[in-house]
Amino acid sequence: MELLVIIGNGIAGITIARNVRKQHDMKITVISSESKYFFARTALMYIYMGHMRFEDTKPYEDWFWEKNRIDLVYAHVDRIDTDNKLLIMNNGETINYDKLVIATGSHTNKFGWPGQDLPGVQGLITLQDLKLLEENTKDIKHAVIIGGGLIGIELAEMLHSRNIHVTFLIREYYYWDNILPKEDSQLICKEILQHGFDLMLKTNLKEILAGENGRVRAVITDEGDEIECQFVGLTPGVHPNIDVVKDSKIETGKGVLVNEYFETNISDVYAAGDCVEIKSNREGGRNRFEQLWYTGKMHGEALANIICGNRTKYDRGVWFNSAKFLDIEYQTYGFVSNVQREGEKTFLWQDSDMKHSVRIVYKEDDNSIVGVNVYGIRLRHKVFENWIKEKKTVSYVVHNLREANFDPEFYKNYEPAILEEFKKQNPEMENSILNENTFA
Amino acid sequence: MEPLIIDNLKIYKPDKNLELIKKIGLLILGIGVIMLLVSLTGVSAIAPTLFLFLSFGLSIIGALTYCIPVYKEAPPGIKNNKIFFNSFTSKGTIAWFVGIIITGFYVLLYWFPNLLENWIRLLDSISYSFRGIKSDQWFLYGTFYTLAILVMGIKMIIKYRHNRYQIIRTLSVMFFQLGFAYLIPAILLKLNQPEFYFSYFWPLKYHYLFPGTVKGLFSSGGIGYFMIFWGVVMTFIATPILTYFYGKRWYCSWVCGCGGLAETAGDPFRHLSDNSLKAWKIERWMIHSVLVFIVITTALLWINSAMKGTVLGNSSLAFSKTYGFLIGSVFSGIVGVGFYPIMGNRVWCRFGCPMAAILGIIQRFKSRFRITTNGGQCIACGNCSTYCEMGIDVRAYAQRGENIVRASCVGCGICAAVCPRGVLNLENGNPNERYNLES
Ligand SMILES: Cc1cc2nc3c(=O)[nH]c(=O)nc-3n(C[C@H](O)[C@H](O)[C@H](O)COP(=O)(O)OP(=O)(O)OC[C@H]3O[C@@H](n4cnc5c(N)ncnc54)[C@H](O)[C@@H]3O)c2cc1C
Ligand code: SF4
Ligand code: SF4
């Protein structure tokens, strides 16, 4: 029987295994050296904060794998021999494959800062990182977090829950402003301050200092400030983990290079999830990295079809993402650029409490919406996806926002206030809306 | 670069004063509990009112002093921090200790009420004032029960102060407990009418439709007729209609006293419910067996009564007594409440309540209620499944983008509250479309 081997039991690898099993009878083996059973990486923070135990982060009960004939191997792959279709494990054993998927996830970025490998300095991606974090943060008072991405703010929240004071060091002008527009980042900055964290913007890390015990003692910023701390969290982003393919014939760039069918340069070898670099299909276009839970899942679903003989191109559809910045939930649908692009306009509403906000980006020429960022209000994925696909105009969207509301019952309706603000900002559009509604 | 400062921002920092207030609260609560224990010895008879204040009064004041300042500690939002590290909420020694105490109380209450005599006497003054008779063990129980729902209800409202659904729902269970399950039955007694709980119906209050009860109510005239009418209408007409429109939540997490206690005093233990597939299988067997049992019992009693006792003689009485003992006392009280800290807060509702079984069947097969999942936004974190008090593996549905239509869901809305990605929403809508996503 044909044997499919998957390196990595994260969301990408597991989605492939499950979806192949639904369609096909081939033998499936999933290898990971992180944990025997699949767990949700996105829930690591909740384990540390005591909201859940590790068991609770496993989306499937342990009997699930045997029942679905998915073999789990808890070991590390050292090398891939594509000529002999062979994996060499770190214990010297070998595993054969007919088809291979590389879904090895990410590593933490480090930028060669002096002291970045000191004890008490670490990133957060794996279960092992979490265990280390437990040890590193035992009985400490002050932590510094370098780099304000999604993992950074989660790490800050985690430490805060253990009464550790957090200083956030961010290179950018505002939190995550390489993704979020300025006003949106400001809203999050406010949230960060409100929780009692120190926030240092436009600040780079220069050096991490060791104390007498050899552990981290302080950090020095590019402005020469010294901040005492007993822990440094490094969260300036992630890069693909391609350790296992380095010495193989599989082509890599920053990630494992694949086409839009997740095929590598070697036949029968595929890759998916955080570790891939998707080659642009346009001459001179930029290669894509998609390092999210959602994309990992979509890669997995698409690749499972491809492995089962239905070779269709990966199409991630209308973009979406979500996160929670401390107590503020964030959702985005479509594309919202951090700086307004040529030919686009923006409608922005922010509640006076700075906890709720809606930003709609639309095209200047026909007013059709391009994307939305929303904070503190839940929106329906399906409705917004359709609106974006159908190129609804911004005034249509603002007038029909209630239809897309996904907040729990009895929640305050912000739609009237949003509409009010929209009319104030765009009095001229009000005249056209009547006509449009009759055609809608 | 200096740290960023924004003017007029309320910043939440660790606060020594708050800690102090909370400690004082605990201290007062401790004194109250000690005074309760002291009262058991009977010394309270010298000054009943004083002891009533020192025991019940201080306990309430202490508990409120402890839990009210919590809202100042951190901004509103889901803060389940350290729940799995705390011995009380993670089946540690304290949890077992509290579990045993509560269980012990039930044992005394059911089988050795005379040992609680001094507590019962403590409540005489209150009992006389609005029931017109002296206190008894059930009045003691009702008082404890109502206080637990009120005090812990306030705590619940503070905890979920950012969530209007939770606030309104909690106010609702507090209202029904205090009014319908405590004051109205007491006032009825004072007016020399039958004690009747308008918020409980057959088959939860199974004997409300037993021939004995019905005949008893008939004999008490006008108000008795109304009570029979109310019981029949609520069980056979209102229940199916309300459940069709709103799901079983209209009762289980808005009205019912058992649900009320579970949602307030039981809230700190909701994550202890077993959410394995095996538990779900056991649940379906047990709850439906209880329902079948109570239906048969009721039917037999009516047949027996129609045949003037010739069919079963006294055995039908024994039958219902067995039920009363096994299900009514042991299960709903001891396991249902005593085991909160060990098995979660809805053991009775999930495995034993015949009312929940009926509501569940209607909810599962003919109702507008569902929990909608929001497209692809689920990150499979598991907060929903962990905090579902009914042990429903909500995540399994959410990951597939499938709506949740489950007999056991009591619509507490906590899964939607704890979800960090806004994936879940309790909704009523077209019953034919409730399995898949809207539009
Ligand atoms: C703290 C944190 C929070 C996050 N939150 C979100 C979020 O809210 N939303 C979101 O969209 N995304 C989030 N992400 C990103 C998301 O978790 C990742 O994009 C996703 O998990 C990637 O899945 P994957 O399957 O590609 O890789 P991974 O889940 O990283 O799985 C790869 C697995 O392969 C194993 N492996 C690697 N090499 C070998 C080898 N040689 N031999 C054996 N095993 C090997 C690794 O140990 C690992 O277990 C978060 C990430 C982190 C770290
Ligand atoms: S599924 Fe959600 S609403 Fe239903 S009982 Fe569980 S937590 Fe409550
Ligand atoms: S809490 Fe929300 S994101 Fe987490 S598993 Fe449940 S539905 Fe998914």
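Predicted, not measured: the structure shown is a model, and the values here were computed from it.

Caption draft 1: Geometry of the overall build of chain A. Each helix and strand counted, chain A has 12 helices and 25 strands in total. A compact globule built from 440 residues would reach a C-alpha radius of gyration of about 22 Å, and chain A, at 24 Å, matches this within 12%. Burial analysis of chain A (440 residues in total) assigns 59% to the buried set. In chain A, the share of contacts with a sequence separation of at least 24, taken over all contacts with a separation of at least 6, comes to 61%. Of the accessible surface of chain A, which amounts to about 18500 Å², a share of 46% is contributed by carbon and sulfur atoms. Measuring between centres, the 52 positive side-chain charges of chain A sit 3 Å from its 66 negative side-chain charges.

Caption draft 2: Representation of the sheet that holds strand E21 (residues 320-325) of chain A within the structure. All names here are of chain A. Strand order in this open sheet of five strands is E21-E22-E25-E24-E23, and the pairing throughout is antiparallel. Of all the strands in the sheet, just E21 and strand E23 (344-350) have a single pairing partner and so form its edges. Adjacent strand axes in the sheet meet at a mean angle of 10°, parallel and antiparallel pairs treated alike. The pairing of strand E22 (residues 328-334) with strand E25 (residues 369-375) spans five bridges and is antiparallel. For Thr 332, the partnering residue across the bridge sits in E25 and is Asn 373.

Caption draft 3: Quick peek at the pairing of E22(A). Residues and elements named next belong to chain A. The element E22 is largely enclosed, with a buried count of seven among its seven residues. Taken together, the six bridges between E21 and E22 define a ladder with antiparallel strand orientation. Looking at the pairing, Phe 325 lines up with Ile 328 of E22. Where E21 hands over to E22, the hairpin turn is made up of two residues, of which Leu 326 adopts a positive phi near 55°.

Caption draft 4: Molecular detail of the site of ligand 1. If you check the shell around ligand 1, you find 31 residues, and the closest are Ala12(A), Glu34(A), Asp274(A), Trp293(A) and Arg421(B). At ligand 1, the nearby residues belong to more than one chain, namely chains A and B. At a separation of 3.4 Å, a nitrogen atom of ligand 1 approaches a polar side-chain atom of His76(A). The separation between an oxygen atom of ligand 1 and a polar main-chain atom of Gln291(A) is 3.4 Å.

Caption draft 5: Spatial organisation of the site of ligand 3. Residue and element names in this part refer to chain B. Of all residues adjacent to ligand 3, which total 13 residues, the nearest are Cys 378, Cys 381, Gly 382, Cys 384 and Cys 419. Of all the elements in the fold, those that place two or more residues in the shell around ligand 3 are helix H17 (383-387) and helix H18 (394-400). Tallied by class, residues from the shell around ligand 3 come to 10 nonpolar, two polar and one charged.

Caption draft 6: Region of interest: the domain arrangement of chain A. All names here are of chain A. Domain assignment breaks chain A into domain 1 (3-107 + 239-307), domain 2 (121-236) and domain 3 (320-439). One C-alpha centre belongs to domain 1, the other to domain 2; they are set 30 Å apart. Taken together, the contact pairs 13 residues of domain 1 with 16 residues of domain 2. Between domain 1 and domain 2, the buried area comes to about 1300 Å², and carbon and sulfur atoms account for 69% of it. Considering only the surface of domain 1 that becomes buried against domain 2, Leu 44, Met 45 and Tyr 48 emerge as the three largest contributors, covering 56% of it. Summed over the shared surface of domain 1 and domain 2, the result is zero salt bridges. For the pair domain 1 and domain 2, the interface holds five residue pairs in polar contact (both at pLDDT 80 or more). Of all elements in the fold, only helix H2 (44-48) and strand E8 (106-108) reach the threshold of two or more residues within the side of domain 1 that touches domain 2. With four residues, the single largest contributor to the side of domain 1 that touches domain 2 is H2. Partitioned by chemical class, the residues of the side of domain 1 that touches domain 2 number seven nonpolar, four polar and two charged.

Caption draft 7: Structural context of the pattern of salt bridges. Under the criterion given, the structure shown has 43 salt bridges over all chains. When the shortest N-O distance is used, the salt bridge between Glu34(A) and Arg41(A) registers 2.8 Å. A salt bridge links Glu389(B) to Arg346(B); the shortest N-O distance between them is 3.3 Å. One end of the pair, Glu389(B), is in the loop between H17 and H18; the other, Arg346(B), is in the loop between helix H14 (340-343) and helix H15 (347-352), with 43 residues separating them in the sequence. With respect to burial, Glu389(B) and Arg346(B) carry one shared label: buried. When salt bridges with common partners are traced through the structure, they connect Lys159(B), Arg169(B), Glu263(B), Asp267(B), Arg270(B), Arg346(B) and Glu389(B) into a single cluster.

Caption draft 8: Region of the structure containing the interface of chain A and chain B. Across the contact, 61 residues belong to chain A and 64 residues belong to chain B. Carbon and sulfur atoms supply 49% of the area buried between chain A and chain B, which totals about 5200 Å² over both sides. Together, His51(A), Phe406(A) and Phe410(A) form the three largest contributors to the area buried by chain A at its contact with chain B, with a combined 13%. Applying the counting rule to chain A against chain B returns four salt bridges. Notably, a salt bridge pairs Arg421(B) with Glu154(A), separated by 3.9 Å at the nearest N-O pair. Counting only elements with at least two residues in the side of chain A that touches chain B, the list comes to H2, helix H5 (150-161), helix H6 (182-194), strand E12 (198-200), helix H7 (293-307), E21, E22 and helix H8 (381-389) of chain A. Split into classes, the residues belonging to the side of chain A that touches chain B amount to 25 nonpolar, 16 polar and 20 charged.

Caption draft 9: A look at the side chain of Thr42(A). Here Thr42(A) shows up in the loop between strand E2 (27-32) and H2. Side-chain polar atoms of Thr42(A) contact the backbone oxygen of Ile379(B), separated by 2.8 Å. Excluding its chain neighbours within four sequence positions, the residues that come into contact with Thr42(A) are Trp293(A), Ile379(B) and Cys381(B).

Caption draft 10: How the structure looks around the domain arrangement of chain B. Residues and elements named next belong to chain B. One can read the domain layout of chain B as domain 1 (1-75) and domain 2 (89-439). Taking the mean C-alpha position of each, domain 1 and domain 2 sit 29 Å from one another. For the pairing of domain 1 and domain 2, the buried interface totals around 1500 Å² over both sides, and the portion due to carbon and sulfur atoms is 80%. Contact with domain 2 buries surface across domain 1, with Leu 40, Leu 52 and Phe 56 losing the most and accounting together for 37% of the total. On the surface where domain 1 and domain 2 come into contact, there are zero salt bridges. Linking domain 1 with domain 2 are four residue pairs in polar contact (both at pLDDT 80 or more), by the criterion used here. If you list the elements that add at least two residues to the side of domain 1 that touches domain 2, you get helix H1 (16-40) and helix H2 (48-67). Among the elements that line the side of domain 1 that touches domain 2, the one with the most residues is H2, at nine residues. Looking at the side of domain 1 that touches domain 2, its residues break down into 14 nonpolar, five polar and no charged.

Caption draft 11: The confidence of the model for chain B, seen in detail. Summarising the model, chain B shows a mean pLDDT of 92, and 96% of its residues fall at 70 or more. If you check the scores for this complex, the pTM reads 0.96 and the ipTM reads 0.95.

Caption draft 12: Highlighting a negative patch on the surface. All names here are of chain A. Residues Glu 342, Glu 364, Asp 365 and Asp 366 make up a contiguous surface patch of negative charge. Mapped onto the secondary structure, Glu 342 falls in the loop between E22 and E23. Taking the relative accessible area as the measure of exposure, Glu 342 reaches 80% and is therefore exposed.

Rules used throughout
- Sequence order as written defines the numbering, with residues in each chain counted from 1.
- Chain A is the first chain written and ligand 1 is the first ligand written, with later ones labelled in order.
- This being a predicted model, a pLDDT of at least 70 is required before a residue's local features are given, and a value of 80 or more before pairs of side-chain atoms are given or counted; all residues contribute to the totals for chains, interfaces and linings.
- Side-chain figures throughout are based on the complete set of non-hydrogen atoms in the structure, without hydrogens or water.
- Helical segments are the DSSP runs of H or I of at least four residues, strand segments are the runs of E of at least two, and each set is numbered from the N terminus.
- A radius of gyration in this sense is built from C-alpha atoms; the matching globule rule multiplies 2.2 Å by the number of residues raised to 0.38.
- Here the term buried applies to any residue with accessible area under 20% of the maximum for its type, exposed to any over 50%, and partly exposed to those in between, with areas from a 1.4 Å probe on protein chains only.
- By definition, residues are in contact when any of their heavy atoms lie within 4.5 Å.
- For the accessible areas, the method is Shrake-Rupley and the probe is 1.4 Å, while residue cover comes only from the protein chains on display.
- We score Asp and Glu as negative and Lys and Arg as positive, and we do not count His or the chain ends.
- Working definition for charges: the position is that of NZ of Lys, CZ of Arg, CG of Asp or CD of Glu.
- Being paired, for any two strands, means DSSP has found at least two bridges between them.
- Only C-alpha atoms enter the line fits that serve as axes; for helices the fit covers just the stretch in contact. Angles between N-to-C directions range over 0 to 180 degrees.
- One heavy atom within 4 Å of a molecule or strand makes the whole residue count as near it.
- The definition of a polar contact used here is a pair of N or O atoms within 3.5 Å, where within protein one atom must be able to donate a hydrogen and the other to accept one, and adjacent residues in sequence count solely through side-chain atom pairs.
- Lys, Arg, Asp and Glu make up the charged group, whereas Ala, Val, Leu, Ile, Met, Phe, Trp, Tyr, Cys and Pro make up the nonpolar group; the residues left over, Gly among them, are polar.
- By convention here, the domain bounds are inherited from an automatic or database domain assignment.
- Buried area: the accessible area, evaluated with a 1.4 Å probe, that two parts lose upon being put together, summed over both parts.
- Whenever Lys or Arg places a side-chain nitrogen within 4 Å of a carboxyl oxygen from Asp or Glu, that contact is recorded as a salt bridge.
- Scored between 0 and 100, pLDDT is the confidence that the predictor attaches to each residue.
- Patch membership requires more than 30% relative accessible area and the absence of a salt bridge. Residues of like charge join within 9 Å; the nonpolar side chains Val, Leu, Ile, Met, Phe, Trp and Tyr join within 5 Å.

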